[in-house]
Amino acid sequence: MTTSASPTAALNAAGPAPGRPVAAIDTGRVADLIAQLLVELGEDPTREGLIGTPDRVAAWWSAFLSPAGAATATCFTETLVSDQLVIVGGMSVWSLCEHHMLPMNLQVTAAYVADGEVVGLSKFGRIAQHFAGRLQVQERFTRQVADYLTGVIGREDVAVAVQGVHLCMSMRGVRMEAAHTTTVHTGGRFGSDPVLSQQFLTLAASP
Ligand SMILES: Nc1nc2c(ncn2[C@@H]2O[C@H](COP(=O)(O)OP(=O)(O)OP(=O)(O)O)[C@@H](O)[C@H]2O)c(=O)[nH]1
Ligand SMILES: [Zn+2]
C-alpha cells in the first residue's frame, strides 16, 4: 500500500486525466468569456442583476476543477485485519457531462479487501471528488476511481459501483427524470470470486 504519499504525486500516479487542465485556470479570462456569452445569449452583463455574475461563474469553474482536499491516501497498518471486505457507500459527488456540460450526480460505492493495512475512510470520498471535478463520462469516472484505489492498495481487489443521474437526460433531450445509470468495475477477486462479487453488489445496493 501507499502510505502517506504526497497528495499531488499520489493523485498524478493515477495516470493521465482526460479533460483536466494542467494549470489553474485564468479566472479573469474566463469571466470575460462568460460576459461575452451573456451578450451572445441576448443579455446585458452590465445590468444590475448580472454585475458580478461572470466573476462568480469563473470562481465556480476554478473551484470545480480543483476540488478541495484532493489528498494523500493515508493507510494504517492493522495486523489483526486479514481478508476483510471493506465497503464505503453513500458518497455523492457532482460532475459535468462532457457532451453537454450539464451536471451529473454520482452516488459512489467503493470496496477493497483489506489485508494487514486499512485505507483512511475519508480518502474514498476525496478520491471520488477529485475525479468528479472535471468534464466526465460516468464510465471513465468509475474506472479512474477504481484504478486509483488499485494503486493505493497495490492489488487488483477493488470494486467500484456508481449510480448516476444525468441532467442532460432529465432536464433536456429525452427528458426522463427518473432515468439513472449504474456502472460497476470489479477487479481482481471481485471479478473471480462470485461470493465476494455478490456481497459487494448486495451491499452497494443497500442504503
Ligand atoms: N456513455 C455515456 N453517455 C453519456 C454520458 N453523459 C451523457 N451521455 C450521452 O452522450 C450522448 C450524446 O449524444 P449526441 O447524439 O451527440 O447528442 P444529443 O443530440 O444532444 O443527444 P440527446 O441527449 O439524445 O439529445 C447522449 O446519448 C447522452 O445521453 C455518460 O456519462 N456516459
Ligand atoms: Zn450530457
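Please read all numbers here as calculations on a predicted model, not as lab measurements.

1. Looking at the overall build of the protein chain
Secondary structure assignment for the protein chain yields eight helices and seven strands. Every one of the 207 residues in the protein chain was classed for burial, and the buried ones make up 28%. A separation of at least 24 residues holds for 73% of the contacts in the protein chain among residues at least 6 apart in sequence.

2. Points about the sheet that holds strand β3 (residues 103–114)
Here five strands make up an open sheet; going across it, the order is β5-β2-β3-β6-β7 and the pairing mixed. This sheet does not close on itself; its edge strands, each paired only once, are β5 (135–136) and β7 (181–186). Relative to β3, strand β2 (residues 84–97) is paired through eleven bridges, and the arrangement is antiparallel. Within β3, the residue paired with Q84 across the bridge is A114. Sheet strands touched by helix α5 (residues 138–153): β2, β3, β5, β6 (158–166) and β7. Its angle to β6, the strand with the most contacts, is close to 155°.

3. Some details on the site of ligand 1
Around ligand 1 sit C97, H99, V137, Q138, E139, H166, C168, M169, G173 and V174, and that is every residue in its neighbourhood. For the shell around ligand 1, the secondary-structure elements that each account for two or more residues are α5 and α6 (167–170). For the shell around ligand 1, a count of residues per class yields five nonpolar, four polar and one charged.

4. Concerning the confidence of the model for the protein chain
Averaged over all residues, the pLDDT of the protein chain equals 89, while 87% of them reach at least 70. Below a pLDDT of 50 lies the segment residues 2–16, which in the model reaches 25 contacts outside its immediate sequence neighbourhood of four places, other chains included. This prediction of the complex comes with two scores: 0.90 for pTM and 0.95 for ipTM.

5. Concerning the nonpolar core
A general feature of soluble globular proteins is that nonpolar side chains tend to end up buried together. Ranked by internal contacts, the top residues of the largest apolar core, which has 33 residues, are V108, A128, V145, L149, V158 and V160. Among the elements of the structure, β2, β3, α4 (122–132), α5, β6 and α8 (194–205) are those that each provide at least two residues to this core. When neighbours within four sequence positions are excluded, V160 is seen to be in contact with V108, A110, T142, V145, A146 and H185.

6. What to know about the environment of V137
You can see V137 is positioned in the loop between β5 and α5. Judged by C-beta crowding, with 18 C-beta atoms within 10 Å, V137 ranks as partly exposed. The sequence separation of V137 and R126 amounts to eleven residues, and the corresponding C-alpha distance is 18 Å.

7. Examining unusual backbone geometry
Positive phi outside glycine occurs at D83, with the angle close to 55°. Looking at the element boundaries, D83 is found in the loop between β1 (75–77) and β2. A count of 11 C-beta atoms within 10 Å places D83 in the exposed class. Within the chain, M101 stands out as a residue other than glycine whose phi angle is a positive 55°. Within the element layout of this structure, M101 appears in the loop between β2 and β3.

8. Things to note about the domain arrangement of the protein chain
Taken as a whole, the protein chain is organised into domain 1 (27–65) and domain 2 (72–205). Its C-alpha centre places domain 1 at a distance of 33 Å from the equivalent point of domain 2.

9. Concerning the packing of α4 against α5
Between α4 and α5, whose axes approach to 10 Å, the crossing angle comes to 135°. As judged from the angle between their axes, α4 and α5 are oblique. Where α4 crosses over α5, the handedness of that crossing is right-handed. Of the residues in α5, those touching α4 at I127, A128, F131 and A132 are F141, Q144, V145, Y148 and L149. Here the contact of α4 with α5 is built from residues that sort into eight nonpolar, one polar and no charged.

Criteria and cut-off values
Residues numbered from 1 in each chain as written. Chains lettered and ligands numbered in written order. Predicted model: local features only at pLDDT ≥ 70, side-chain atom pairs only at ≥ 80, totals over all residues. Helix = DSSP H or I, 4+ residues; strand = E, 2+ residues; numbered from the N terminus. Buried ≥ 20, exposed ≤ 12 C-beta atoms within 10 Å, placed from the backbone. Contact = placed C-beta atoms within 7 Å. Pairing = 2+ DSSP bridges. Axes fitted to C-alpha atoms, helices over the stretch in contact; angles between N-to-C directions. Near = placed C-beta within 6 Å. Nonpolar A, V, L, I, M, F, W, Y, C, P; charged D, E, K, R; others polar. pLDDT = per-residue confidence, 0-100. Core = buried A, V, L, I, M, F, W, Y, C linked by C-beta atoms within 7 Å. Domains from an automatic or database assignment. Parallel < 35°, antiparallel > 145°, perpendicular 65-115°, else oblique. Left-handed = near helix turned anticlockwise from the far one by under 90°.

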